[in-house]
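Below, each chain spelled out in residue letters.
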Amino acid sequence: MPLLEVSSISKSFGGNQAVKGLSFTVESGEILGLIGPNGAGKTTAFNMIAGYFPPDSGEIRFKGENLAGLRPWDISHRKIARTFQLSKPFGDLTVLENVMVGGFHNQGSRSAARRKAEEVLAFVGMSDRMGTEAQNLTVVDRKRLEMARCLATEPELLLLDEVVAGATPAEAVAMMEVIGRIRQSGVTIVMVEHVMRVVMGLSHRVLVLHHGETIAVGDPQAVSRDPVVLKAYLGARYAHA
Ligand SMILES: Nc1ncnc2c1ncn2[C@@H]1O[C@H](COP(=O)(O)OP(=O)(O)O)[C@@H](O)[C@H]1O
Ligand SMILES: [Mg+2]
């Protein structure tokens, strides 16, 4: 049984059909890359999986359980975590406090939540930022904070929404290393990313969304050579890279 099974989900906003009959599976232990032009429906797909709004139609199953009707809080308890593309940390709280908020609900006490927060901040390489107010972080450190906040909930499935965007090449390499270690620790990952060397380098399979529909899915090499994908998305990206 796949860990996550998305079956023909659709979502419209007014007359705008953002996701159209999207289906895919995620196997336990894999990294699935989700790519496609801006507006393709990637974040909308994450929002449906994480329970921020329900699909208009279709079904999402996690470990065989239908997630229909579950709220974000319930989904977090089922061990699915997602980062936000536009992270909104509590600006006047420190990095440590922000992560403790994320980890409270499954840690028995404040001290356990603190230990967990320290552990995940070390894991993402932010031990030296624990006392910094979140509003003073760089864009890249905000993304790292997002990942730490998720890890504090001890997810089995982690949805990463453009966590490498805005990073310098050196920061991107460091972020790839962190994502690789998250997977090695046993977390299954779906990753939305525009930085091709990151998504192609880390993903076992890549799914390309275009206008809310899958136009290709397969291993990174095959997808990056697919003429349909080159025309719709990658041609332009590689030309500008
Ligand atoms: N909450 C929302 N309300 C209205 N329209 C939305 C909302 N979220 C996304 N959309 C629209 O849905 C489409 C897909 O957006 P999105 O999922 O954010 O794309 P991506 O993450 O691939 O860039 C876009 O046309 C976007 O304007
Ligand atoms: Mg998006």
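The coordinates are above.
This structure is a prediction, so every number in the text was calculated from the model and none was measured.

Participant: How should I be thinking about the site of ligand 1 in this particular structure?
Facilitator: Close to ligand 1 lie Phe 13, Asn 16, Ala 18, Pro 37, Asn 38, Gly 39, Ala 40, Gly 41, Lys 42, Thr 43 and Thr 44. Between Gly 39 and ligand 1, the recorded distance is 2.7 Å, taken from a backbone N or O atom to an oxygen atom. Thr 44 places a side-chain nitrogen or oxygen 2.6 Å from an oxygen atom of ligand 1. Within the complex, the protein chains bury 61% of what would otherwise be the 560 Å² of accessible surface of ligand 1.

Participant: I'm lost on the nonpolar core in this one. Help?
Facilitator: The nonpolar side chains of soluble globular proteins are, as a tendency, buried together. Membership of the largest hydrophobic core comes to 45 residues, with the highest contact counts inside it found for Ile 35, Met 147, Leu 158, Ile 179 and Ile 189. No other element matches the 6 residues that helix α5 (residues 139-151) contributes to this core. Leu 158 has contacts with Ala 81, Cys 150, Leu 151, Ile 182, Val 187, Thr 188, Ile 189 and Val 190, leaving out every residue within four places of it along the chain. Residues Leu 3, Leu 34, Ala 40 and Phe 62 belong to the second largest nonpolar core, which totals 27 residues.

Participant: What is the right way to read the packing of aromatic side chains from this model?
Facilitator: For any pair of aromatic rings, the description consists of the separation of the ring centres together with the inter-plane angle of the planes. Overall, the coordinates contain 2 aromatic pairs when judged by the stated rule. Residues Phe 13 and Phe 53 carry aromatic rings whose centres are separated by 5.6 Å and whose planes lie at 85 degrees to one another, so their mutual orientation is edge-to-face. Here the residue Phe 13 occupies a position in strand β1 (residues 4-13), and Phe 53 occupies one in the loop between α1 (42-49) and β4 (57-62), the gap between them amounting to 40 residues. Between Tyr 52 and Phe 84, the aromatic rings sit 5.6 Å apart at their centres with planes inclined by 85 degrees, giving edge-to-face as the arrangement. Residue Tyr 52 is located in the loop between α1 and β4, and its partner Phe 84 is located in the loop between β6 (80-82) and α3 (95-103); the two are separated by 32 residues in the primary sequence. Between the NZ or CZ atom of Arg 82 and the centre of the ring of Phe 84, over which it lies, the distance is 4.2 Å.

Participant: Help me out: how do you make sense of the pattern of salt bridges in this one?
Facilitator: For the structure shown, the criterion picks out 13 salt bridges. Linking Glu 30 and Arg 205 is a salt bridge whose minimum nitrogen-to-oxygen distance equals 2.7 Å. Pair noted here: Glu 30 is in the loop between β2 (16-26) and β3 (31-35) and Arg 205 is in strand β9 (residues 205-210), with a separation of 175 residues, a long-range link. Glu 65 is the partner of Arg 78 in a salt bridge, and the nearest nitrogen-oxygen pair spans 2.8 Å. Residue Arg 78 is found in the loop between α2 (72-77) and β6, and its partner Glu 65 is found in strand β5 (residues 65-66); the two are separated by 13 residues along the sequence. Bridged by salt links that share partners, the residues Asp 128, Arg 129, Asp 141 and Arg 144 form one connected network.

Parameters and conventions
- Residues numbered from 1 in each chain as written.
- Chains lettered and ligands numbered in written order.
- Predicted model: local features only at pLDDT ≥ 70, side-chain atom pairs only at ≥ 80, totals over all residues.
- Heavy atoms only, no water.
- Near = heavy atom within 4 Å.
- Polar contact = N/O pair within 3.5 Å; in protein donor to acceptor, adjacent residues only side chain to side chain.
- Areas by Shrake-Rupley, 256 points an atom, 1.4 Å probe, with all protein chains shown as cover.
- Core = buried A, V, L, I, M, F, W, Y, C linked by side-chain atoms within 4.5 Å.
- Buried < 20%, exposed > 50% of the residue type's maximum accessible area, 1.4 Å probe, protein only.
- Helix = DSSP H or I, 4+ residues; strand = E, 2+ residues; numbered from the N terminus.
- Contact = heavy atoms within 4.5 Å.
- Phe/Tyr/Trp six-rings, centres within 6.5 Å; stacked < 30°, edge-to-face > 60°.
- Lys NZ or Arg CZ within 6 Å of the ring centre and 35° of its normal.
- Salt bridge = Lys/Arg side-chain N within 4 Å of Asp/Glu carboxyl O.

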